[in-house]
Amino acid sequence: MRSMALINHKGGVGKTTATFNLAWAWADKNYKTMAIDLDPQGALSASMGHVNAEHGMDWYLKTDVPVRDIRINIGKNIWLIPPGSLLSDIKVSWGAHQARYSQRLHQLIVEAQESGMDFVVFDCPPADLWVIELLVGTVGALLIPVTPDYLALQGLSMLMKKLAEENDEKGPEVYVFLTRYQARKRIAQEAEQMLKQHFGSHLLEAKIREAVAVAESPGFGQSIFQYASRHPAAMDYLDLAGEIISRLTLQSNYSATYAGKQT
Ligand SMILES: Nc1ncnc2c1ncn2[C@@H]1O[C@H](COP(=O)(O)OP(=O)(O)OP(=O)(O)O)[C@@H](O)[C@H]1O
Ligand SMILES: [Mg+2]
């Protein structure tokens, strides 16, 4: 199994859109995939046709319910866990219950592995430090979508600082990839060069182009593959999905790995 979170402090960089399309790309290739909506706004759940589901991650983190009670089957090989109506309470009570919530997240990954999932992918809200603290000890990788503009690059340096504080050599792998890329814009090429210099091989080669079809498809409850399967942006997401499979380390025995991280 591979587990990862799409994170970036900055809003609107394509975290939710990438989570949605990556989950469908893997499910289409017969990988069992669980997409988890950690944003109380629930945009990922809405894209998957589940607006305002009452129970979800809020309930899972607060109680001892099993994953099967909160996951929703969306299609062949694909499941969603919505945020639930009280996920913002977790942020408020994070300081007091951090250890419990982290232990529950660990349990979720164990349950996902035991139920035969191949991918677990978290969509994160922007600007929430508690989410980073929750995920860093548990997921195998952090994927950071970046739009090619100066403000985004500036925001990225703040995020990297926070990750450097939280993360150590036992923590998740970190990868960056470009979204909403417009090849003809000079700023896009410059941003790509800067990211290459800074991140080297941790900048993924796949880039997601800016495309109206990508923005439109969730409105129809469809991934880019269902909405416009031959669109070049669909190929971009397929490339990204394939590159993630080849780059991310398999968590073959998650429980043991996690125990190792705790010592
Ligand atoms: N490749 C793309 N081409 C065109 N529009 C895109 C692309 N990717 C995302 N968008 C659009 O950009 C907007 C922001 O995308 P998205 O909601 O995925 O970002 P986000 O990082 O999850 O935002 P937030 O931080 O608010 O949760 C949406 O309207 C989405 O449809
Ligand atoms: Mg989002």
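**Considerations on the site of ligand 1**
Taken together, 17 residues form the shell around ligand 1, and within it Lys 15, Thr 16, Thr 17, Arg 180 and Arg 209 come nearest. A distance of 2.9 Å is found between an oxygen atom of ligand 1 and a backbone nitrogen or oxygen belonging to Gly 12. The backbone of Gly 14 places a nitrogen or oxygen atom 3.0 Å from an oxygen atom of ligand 1. Judged by the proximity of its atoms to the pocket grid, ligand 1 belongs to the second largest pocket. Sorting the residues of the shell around ligand 1 by element identifies α1 (15-28), β8 (203-209) and α9 (212-216) as the ones contributing at least two each.

**A few points about the packing of aromatic side chains**
Under the definition given, this model contains five aromatic pairs. Taking the centre distance of 5.3 Å and the plane angle of 85 degrees together, the rings of Tyr 31 and Phe 119 count as edge-to-face. Here the residue Tyr 31 occupies a position in the loop between α1 and β2 (33-37), and Phe 119 occupies one in strand β5 (residues 119-123), the gap between them amounting to 88 residues. Using a relative accessible area of 0% as the deciding quantity, one classes Phe 119 as buried. An aromatic cluster is defined as three or more aromatic residues linked by ring pairs; in this entry it consists of Trp 26, Tyr 31 and Phe 119. Arg 104 extends its terminal NZ or CZ atom over the ring of Tyr 60, reaching a point 3.8 Å from the ring centre. Over the ring of Tyr 181 we find Lys 207, and its NZ or CZ is 5.0 Å from the ring centre.

Reading guide: rules and limits
Residues numbered from 1 in each chain as written. Chains lettered and ligands numbered in written order. Predicted model: local features only at pLDDT ≥ 70, side-chain atom pairs only at ≥ 80, totals over all residues. Heavy atoms only, no water. Near = heavy atom within 4 Å. Polar contact = N/O pair within 3.5 Å; in protein donor to acceptor, adjacent residues only side chain to side chain. 1 Å grid on protein atoms, 1.4 Å probe; cavity = no way out; pocket = protein on both sides within 12 Å on 5 of 7 lines; lining within 4 Å. Sits in = over half its atoms within 2 Å of the grid points. Helix = DSSP H or I, 4+ residues; strand = E, 2+ residues; numbered from the N terminus. Phe/Tyr/Trp six-rings, centres within 6.5 Å; stacked < 30°, edge-to-face > 60°. Buried < 20%, exposed > 50% of the residue type's maximum accessible area, 1.4 Å probe, protein only. Lys NZ or Arg CZ within 6 Å of the ring centre and 35° of its normal.

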